[in-house]
Amino acid sequence: MSREPKPTIVGGGIAGLTTALCLAPLPVRLLVRTPLGAEGSSLWAQGGIAAAVGPDDAPTRHAEDTIAVGGGLCDPAVVHRITAEAPWAVEQLAAWGVPFDRDAGGRLALGLEGGHGRRRIVHARGDATGQTIMETLVSRVLAEPAIEWIEGAEAIGLVEDEIGLCGVDCRIGEKRVRFPARAIVLATGGVGGLFEQTTNPVTARGQGLVLALAAGAELVDLEFIQYHPTALAIGRQPLPLISEAVRGEGACLVDERGERFAAGLPGAELASRDRVAHAIWQHREAGHQVFLDARRRPGQFFAERFPKIHAICRSYGLDPAVDLLPVTPAVHYHMGGIAVDGDGRSSLPGLWAVGEVASTGLHGANRLASNSLLEAVVCARAAAGSIRASGPFLPPRGKAPPGTGCEPHWGGLPAILSRCLGVVRDRESLERGLDQVGVAAGGSAGGAEAHLAWLWIRAALWREESRGAHYRSDRPETQASWARHLRQDRSQAFLPAAPTPV
Ligand code: SIN
């Protein structure tokens, strides 16, 4: 375990591993909580990577679809840049060895998902895209001498000296270890573990947001949480995902009477995720049961096209070619995050963020399906370029105090957040949640997670409208005057004033 200052990446999913590979041959350190490749949302990604590589497609069309579902909050420059680089991302991954699925003529096989105007999702081994990419990246990392990886390292704080950020404090087993670094990349993934129903690993508890917040970086658009419409409703955490690609292959949503209640949405079951999730929520509130019906299409072809999902369903005694699949919306992705520029740079010099923990402006208020792996790969390269240009990486000065950030997790938080930050929110439940979190944050129960939660609920209260994934039943209209972002930082924690719109 080296102690020299070098760029240090926290997180070993697709974003973290790609950043490391793009930084090499510059010496780089990777801090991961589990054995390399053993944990994280990336492994579970079924959907694929959206890229305009088909003969009937163009990056500008991909950009238009991204902006159309983003609820008016996408940054068009970011969208155009990332969608233009999508074909590169697929080529680069293929060059590293990812065996993308191809048709009989050797061309990339393209799938369809909600909100996309044409088939443009590339997959690897059907619905095992994330796992397949991870296997390839892990084998590349293991073969790259410039990358040092440290397993079992839980980042608990970012450290500062008089120059700026200078290291990451980690817990490794019982020990506390400091890794010197002037360039730190947070690639810690999402937040689903802070909710009662999620498709994410339950260990995804917004660690990067907590670390960044404690260190003084700005967070943006926290209120936008994407609920995936079709998690398998098995009644325990985490919920297995039934990929949107299944609806792309013709499966539809029905209730206990067999009625296709979402058929009236624009795009029907392939409307944007916020709309489909909302339709399911409403239908369940009205007392109905909701199922995904894949019996006719993809039908017998299900097991071959979606082997992982098929195996999951079978493990719960369900055969998708024969049975209706009970589904429910569940927290899947956070559009908000650490505010970063096009190169992944946060507002705090020396701190970058890549992947779900970052908010680049690509997704706006609602993410287009399969744009997240794309963003992770494209932004990893951009962040690596900007880190390389930011050296030299000086050693820390003096003895910096311990970094603050992730403290023991607060077990009470998922119940509170699930009640107030659901598919549908309202002032009353948000205010109740804010009070509960405020009490915990003021005492010792909640710790750093409670500070994050307070800002989060505050953001949802402040946005007195409905937009994208943020639906307020007491404010159901979208207001042109709210077409703006909300940035928050630690200086606003527990202040009654409205945070800063930008
Ligand atoms: C899915 O396969 O439905 C999920 C893909 C994504 O989250 O983009």
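Residues numbered from 1 in each chain as written. Predicted model: local features only at pLDDT ≥ 70, side-chain atom pairs only at ≥ 80, totals over all residues. Heavy atoms only, no water.

For the chain, the helix and strand inventory stands at 15 helices and 22 strands. Rg of the C-alpha trace for the chain: 22 Å, near the compact-globule value of 23 Å for 502 residues, within the 12% margin. On the principal axes, the C-alpha backbone points of the chain span a range of 70 × 55 × 40 Å. Put simply, the chain has 502 residues, and 61% of those count as buried. Accessible area of the chain: about 18,300 Å², with a carbon and sulfur share of 52%. In the chain, the 50 positive side-chain charges and the 54 negative ones have mean positions that sit 2 Å from each other. (Helix = DSSP H or I, 4+ residues; strand = E, 2+ residues; numbered from the N terminus. Rg over C-alpha atoms; globule rule 2.2 N^0.38 Å. Buried < 20%, exposed > 50% of the residue type's maximum accessible area, 1.4 Å probe, protein only. Areas by Shrake-Rupley, 256 points an atom, 1.4 Å probe, with all protein chains shown as cover. Lys, Arg positive; Asp, Glu negative; His and termini not counted. Charge placed at Lys NZ, Arg CZ, Asp CG, Glu CD.)

This part covers the packing of helix α1 (residues 14-23) against helix α12 (residues 372-388). Taken N-terminus to C-terminus, the directions of α1 and α12 make an angle of 35°; their axes are 8 Å apart at the nearest point. In this structure, α1 crosses over α12, and the sense of that crossing is right-handed. Note on element contacts: α12 touches α1 through Leu373, Ala376, Val377, Ala380, Arg381, Ala384, Ile387 and Arg388, opposite Ile14, Ala15, Thr18, Thr19, Cys22 and Leu23. (Axes fitted to C-alpha atoms, helices over the stretch in contact; angles between N-to-C directions. Left-handed = near helix turned anticlockwise from the far one by under 90°. Contact = heavy atoms within 4.5 Å.)

Bringing the sheet that holds strand β1 (residues 8-10) into the picture now. Here five strands make up an open sheet; going across it, the order is β6-β2-β1-β10-β17 and the pairing parallel. Sheet topology places β6 (147-150) and β17 (351-353) at the edges, where each strand pairs with a single neighbour. Across the sheet, the mean angle separating the axes of adjacent strands is 20° when strand polarity is ignored. One ladder, built from three bridges, connects β1 with strand β2 (residues 28-31); its direction is parallel. Across the sheet, Thr8 pairs through a bridge with Arg29, a residue of β2. (Pairing = 2+ DSSP bridges.)

Neighbouring the ligand are Gly47, His228, Leu241, Ser243, Glu244, Arg273, His332, Arg367, Ala369 and Ser370. Within the side chain of Arg273, a nitrogen or oxygen atom sits 3.0 Å from an oxygen atom of the ligand. In the environment of the ligand, an oxygen atom lies 2.7 Å from a nitrogen or oxygen atom belonging to the side chain of His332. When the ligand sits alone it has 250 Å² of accessible area, and the protein chains cover 95% of it. Taken together, the residues of the shell around the ligand sort by class into two nonpolar, five polar and three charged. (Near = heavy atom within 4 Å. Polar contact = N/O pair within 3.5 Å; in protein donor to acceptor, adjacent residues only side chain to side chain. Nonpolar A, V, L, I, M, F, W, Y, C, P; charged D, E, K, R; others polar.)

This next bit is on the packing of aromatic side chains. A ring pair, where both rings are aromatic, is described by two values, the distance of the centres and the angle of the planes. Inspection of the entire model under this criterion finds three aromatic pairs. Taken together, a centroid distance of 5.6 Å and an interplanar angle of 80° make the contact between Phe195 and Trp456 edge-to-face. Placement of Phe195 in the loop between β10 (184-186) and α7 (207-215) and of Trp456 in helix α15 (residues 447-462) is noted, with a sequence separation of 261 residues between them. When its relative accessible area of 0% is taken as the criterion, Trp456 is described as buried. Plain terms: the ring middles of Trp462 and Trp482 are 4.9 Å apart, the flat faces sit at 85° to each other, and that makes the pair edge-to-face. Here Trp462 is found in helix α15, whereas its partner Trp482 is found in the loop between β20 (471-472) and β21 (486-488), with 20 residues between them in sequence. Here the basic side chain of Arg367 rests over the ring of Tyr333, its NZ or CZ set 4.2 Å away from the ring centre. Over the ring of Trp88 we find Arg381, and its NZ or CZ is 3.6 Å from the ring centre. (Phe/Tyr/Trp six-rings, centres within 6.5 Å; stacked < 30°, edge-to-face > 60°. Lys NZ or Arg CZ within 6 Å of the ring centre and 35° of its normal.)

Before going further, it helps to examine the pairing of strand β7 (residues 153-160). For β7, the tally of buried residues reaches six of eight residues, placing the bulk of the element in the interior. Two strands pair when backbone bridges link them, and β7 and strand β8 (residues 165-172) are joined in this way by seven bridges, in the antiparallel orientation. The partner of Ala153 across the bridge, within β8, is Ile172. With antiparallel pairing between neighbouring strands as the criterion, β7 and β8 make up a hairpin whose turn holds four residues, including Gly164 at a positive phi of roughly 155°.

As enumerated under the stated definition, the model contains 35 salt bridges in all. A salt bridge links Glu39 to Arg33; its shortest N-O distance comes to 3.3 Å. A relative accessible area of 23% means that Glu39 is categorised as partly exposed. Exposure remark for Arg33: the relative accessible area of 28% places this residue in the partly exposed category. One connected set of salt bridges, linked through shared partners, spans Glu223, Arg463, Glu465 and Arg467. (Salt bridge = Lys/Arg side-chain N within 4 Å of Asp/Glu carboxyl O.)

A separate point is the environment of Glu113. Relative to the helices and strands, Glu113 is located in the loop between β4 (110-111) and β5 (121-122). We classify Glu113 as buried; its relative accessible area is 2%. Sequence spacing of Glu113 and Ser370 is 257 residues, and the spatial spacing of their C-alpha atoms is 8.0 Å. Setting aside chain neighbours within four positions, we find Glu113 in contact with Gly47, Ile121, His123, Ser243, Glu244, Ala245, Leu270, Arg273, Ala369 and Ser370.

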